[in-house]
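Remarks on the overall topology
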Amino acid sequence: MYRPMRFSEIVGQEVVVKLIKSALIHDKLSRSIILHGPSGVGKTTIARLIAAWYVCTQRTNDDICGKCEMCKAIQNDSLIDVLEFDAASNTSVEDMREILNQCNYAPQYSSNKIFIIDEAHMLSRNAISALLKTLEETADHIRFILVTTEIDKISNPIRSRCLCIQMQSIKPSEITMHLNALPNIKIDELAIKLLINLSNGSMREVLSIVEQASILSDTVDMNILTQILSFANDSSVEDLMQKIVTGDFVGVFDLLQLILQENVSLLSVLNQLIQLCREKILHALNASVKEKLLINLIDLNKLYFSSTKIAFFSEFITIGLTEIAYKNKAD
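My aim in this report is to walk through the structure given alongside it, one point at a time. (Residues numbered from 1 in each chain as written. Predicted model: local features only at pLDDT ≥ 70, side-chain atom pairs only at ≥ 80, totals over all residues. Heavy atoms only, no water.)

Here we look at the nonpolar core
The cut-off we apply is this: Buried residues of nine kinds, namely Ala, Val, Leu, Ile, Met, Phe, Trp, Tyr and Cys, make up a nonpolar core once their side-chain atoms join them within 4.5 Å. Buried, partly exposed and exposed residues are distinguished by accessible area as a fraction of the type maximum, computed with a 1.4 Å probe on protein chains only: under 20%, between the cut-offs, and over 50%, respectively. Think of it this way: any DSSP run of H or I at least four residues long counts as a helix, any run of E at least two long counts as a strand, and we number them from the N terminus. Throughout, a residue-residue contact means that at least one pair of heavy atoms, one from each residue, lies within 4.5 Å.
Counting 90 residues, the largest nonpolar core has Ile50, Leu179, Leu240 and Leu321 as its most contacted members. Sorting elements by how many residues they give to this core places helix 13 (residues 266-283) first, with nine residues. Among all residues touching Ile50, those that are not within four sequence positions of it are Phe7, Ile20, Leu24, Leu29, Ile33 and Ile145. Counting 26 residues, the second-largest nonpolar core is a separate cluster that includes Ile99, Leu131, Leu135 and Phe144.

If you want it as structure tokens, here you go:
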């Protein structure tokens, strides 16, 4: 997946980038900082770019080059002066002490040794105590960058010793602009709207889907996206269709909540319902049943195209399918 190699390539975090670059240029960035905000908005990427600032061999006045061996080494996690630690899978105090022991060694390629702690809120109480002790006694050449999606779970003693920088969800307009500028791939308008709906403000989520889609085609459209998105199992879709047709609107609502718990996209489910409804129409022998299914198909298609144009499509689809079922009950 594409990851920005320079500060100028970061999307949707203009204020954060401006603040950090200004602090770096004037050598005023705190030795311990916390980057916090929603998933997939560039926190770890910016942490790595900060680290690259201190080792880049071709740095300009306001940005790193992103191309020299040092910059590439950081992106590949192979530079010994920059240690990246995943707190989600290494939560114990022993894990923390092991990495903090590296503070005793001098940096090899710059004047700083940088520790990036991802998912910092996952650290155990004892690990946090070990980190706190190190923050209080940190040598001048040691820098810590904590990354978290849940700043409230970071203890006050840790937060009080760090510069806390909040990052925001990426705006739809910024996602659209970035997708339209991607090289060697074309993404149509409806597909972009769907990607925005699915992203919840996460550029990482969008680019992950686009990367998968690009394997299948140089042009990303609704058909390609539907192929790679998560689907509900056939029995659930069949059950949902039955509840819609029979007017069991309460059952429709309850089943949709269960499907959502399985992290299945309701837009994919809606697409599955449309395909199933078409099959049932082709095999329907009774004229009145066929007519009812055709009406449902019309309503499902209207709901589908409306859903691709709004941000909170899961709730919209839930209400829409419930209303279609209620309409069938009334009939």
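A short note on empty space enclosed by the protein
Spelled out, the test is: Only protein atoms enter the 1 Å grid used here, on which a cavity is any set of points holding a 1.4 Å probe that cannot leave and a pocket is any open set flanked by protein within 12 Å on both sides along at least five of seven lines; residues with an atom within 4 Å of a point are listed as lining. Grid points are joined across faces, edges and corners, and a volume is the space filled by probe spheres set on the points. For this classification, the nonpolar set comprises Ala, Val, Leu, Ile, Met, Phe, Trp, Tyr, Cys and Pro, the charged set comprises Asp, Glu, Lys and Arg, and every other residue, Gly included, is treated as polar.
Considering all chains together, one arrives at two cavities of 30 Å³ or more under this definition. What the largest cavity holds in volume is close to 40 Å³. Taken together, Leu29, Ser30, Arg31, Ile33, Ile50, Tyr54, Ile114, Arg143, Phe144 and Ile145 make up the lining of the largest cavity. No other element matches the three residues that strand 4 (residues 142-148) contributes to the lining of the largest cavity. When the residues that make up the lining of the largest cavity are grouped by side-chain class, the tally is seven nonpolar, one polar and two charged. Approximately 30 Å³ is the volume found for the second largest cavity. Around the second largest cavity sit Leu194, Thr226, Leu229, Leu267, Ser268, Asn271 and Tyr304, which together line it. Tallying contributions element by element places helix 13 first for the lining of the second largest cavity, with three residues. Its residues assigned to classes, the lining of the second largest cavity comprises four nonpolar, three polar and no charged.

A word on the pairing of strand 4
What counts is decided by this rule: In short, DSSP must find at least two bridges between two strands for them to pair.
For strand 4, the buried fraction is high: seven of the seven residues fall into the buried class. Side chains Ile142, Phe144, Leu146 and Thr148 project from strand 4 onto one buried face, and the interleaved Arg143, Ile145 and Val147 project onto a second face that is buried too. Strand direction decides the pairing type here: strand 1 (residues 32-36) and strand 4, joined by five bridges, are parallel. The residue of strand 4 that forms the bridge with Ile34 is Leu146.

A word on the pairing of strand 3 (residues 113-118)
Defined as follows: Look down the strands so they point away from you; if the path from the first strand over the helix to the second goes clockwise, the crossover is right-handed.
The element strand 3 is largely enclosed, with a buried count of six among its six residues. Side chains Lys113, Phe115 and Ile117 of strand 3 all project onto a buried face; the interleaved residues Ile114, Ile116 and Asp118 project onto the opposite face, where all are buried too. One ladder, built from five bridges, connects strand 3 with strand 4; its direction is parallel. Its bridge partner lying in strand 4, Ile114 is registered against Arg143. The parallel pair strand 3 and strand 4, bridged by helix 5 (residues 125-136), forms a crossover whose chirality is right-handed.

Here's the deal with helix 1 (residues 14-25)
Put simply, the test is: A helix is expected to span 1.5 Å for every residue after the first. Here the arc refers to the set of directions running from the helix axis out to each C-beta atom.
Helix length check: helix 1, at 12 residues, gives a terminal C-alpha distance of 16 Å against a target of 16 Å (1.5 Å per residue), a fit within 8%. Of the residues making up helix 1, those classed as buried are Val16, Val17, Ile20, Lys21, Ala23 and Leu24. An end-on view of helix 1 places all buried positions within 160 degrees of arc, on one side of the element. Turned more than 90 degrees off the buried face of helix 1, the exposed positions are Glu14, Val15 and Lys18.

A look at the packing of aromatic side chains
Between two aromatic rings, the relevant description is the distance of the centres plus the angle of the planes. Under the convention used in this document: The aromatic pairing rule takes the rings of Phe, Tyr and Trp, using the six-membered ring of Trp, and pairs them if the centres are within 6.5 Å, calling planes under 30 degrees apart stacked, those over 60 edge-to-face and the rest tilted.
Across all of its chains, the model carries two aromatic pairs by this definition. Taken together, a centroid distance of 5.1 Å and an interplanar angle of 20 degrees make the contact between Phe115 and Phe144 stacked. One end of the pair, Phe115, is in strand 3; the other, Phe144, is in strand 4, and 29 residues separate them in sequence. Taken individually, Phe115 and Phe144 each receive the classification buried, so the pair is uniform in this respect. Between Phe249 and Tyr326, the ring centres sit 4.9 Å apart and the planes meet at 75 degrees, which makes this aromatic pair edge-to-face. Within this pair, whereas Phe249 is found in helix 12 (residues 249-261), its partner Tyr326 is found in helix 15 (residues 313-330), the two being separated by 77 residues in sequence. We classify Phe249 as partly exposed; its relative accessible area is 24%.

By themselves, these are just geometric observations and shouldn't be taken as functional.
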